[in-house]
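# Notes for the structure review
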Amino acid sequence: MTANEATIAKFYTAFANADAVKMSECYHPKVQFRDPAFGLLKEEQVSKMWEMLLEKSKGNIKIEFSDIKADDFVGSAYWIATYNFSKTNRKVINHVFAEFQFQDGLIIKHTDTFDVWKWSKQAFGITGYLLGWTVFFQKKIQQQALLSLQKYQSKS
């Protein structure tokens, strides 16, 4: 296992153990994160997002990860999150492909990719099925996610 593969494994092990502090330790201070739900987040926002998501899950999130690969500069992993979506309490099983870039032995760039329509069908039921594929609905999801993060950060 390379040093960067160990960093990815540490990150997802901490995630599986709901340890936002240990997850944060894997990130470079100048980290950038991107995914379909939040869009682009930078620096402290990234750690706060994971902290918020873990807090909202109330310990009811299962994280599985596999296919960790990394060299000195880039890496990837596949992970699955199983949880109840906080707004609807509907069960979601989200399959995610993660890509990483490293600097100084830490994650400087983290991009998660998943099928938003598949996610929205699980999270929102018939509404997600009918609208989850639209840009309008996906923008709404992103706006709500960012608003939640802003509210969470203002409490901290």
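Attention here is on the structure that accompanies the text. (Residues numbered from 1 in each chain as written. Predicted model: local features only at pLDDT ≥ 70, side-chain atom pairs only at ≥ 80, totals over all residues. Heavy atoms only, no water.)

Attention shifts here to the pattern of salt bridges. Applying the stated criterion across every chain, the model contains four salt bridges. We note a salt bridge from Lys-48 to Glu-51, for which the minimum N-O separation is 3.4 Å. Of the two residues, Lys-48 and Glu-51 both sit in helix 3 (residues 44–57), three residues apart, roughly one turn of that helix. (Salt bridge = Lys/Arg side-chain N within 4 Å of Asp/Glu carboxyl O. Helix = DSSP H or I, 4+ residues; strand = E, 2+ residues; numbered from the N terminus.)

A cluster of basic residues, Lys-56, Lys-87, Lys-151 and Lys-155, forms a positive patch on the protein surface. Structurally, the position occupied by Lys-87 is in the loop between strand 4 (74–84) and strand 5 (91–103). (Patch = residues over 30% accessible without salt bridge, like charges linked within 9 Å, V, L, I, M, F, W, Y side chains within 5 Å. Areas by Shrake-Rupley, 256 points an atom, 1.4 Å probe, with all protein chains shown as cover. Lys, Arg positive; Asp, Glu negative; His and termini not counted. Charge placed at Lys NZ, Arg CZ, Asp CG, Glu CD.)

Now for the nonpolar core. Ranked by internal contacts, the top residues of the largest apolar core, which has 44 residues, are Tyr-12, Phe-15, Trp-50 and Trp-79. With six residues, helix 1 (residues 3–16) is the single largest residue contributor to this core. Ignoring anything within four residues of it in the chain, the contact list for Trp-79 reads Tyr-12, Phe-15, Trp-50, Ile-63, Glu-64, Phe-65, Asn-94, His-95, Val-96, Ala-98 and Asp-112. (Core = buried A, V, L, I, M, F, W, Y, C linked by side-chain atoms within 4.5 Å. Buried < 20%, exposed > 50% of the residue type's maximum accessible area, 1.4 Å probe, protein only. Contact = heavy atoms within 4.5 Å.)

A few words on the side chain of Asn-94. Structurally, Asn-94 is set in strand 5. Setting aside residues no more than four positions away along its own chain, Asn-94 makes contact with Trp-79, Ile-80, Ala-81, Phe-114 and Trp-119.

Note that every value here comes from positions in space, so none of it alone points to a role or purpose.
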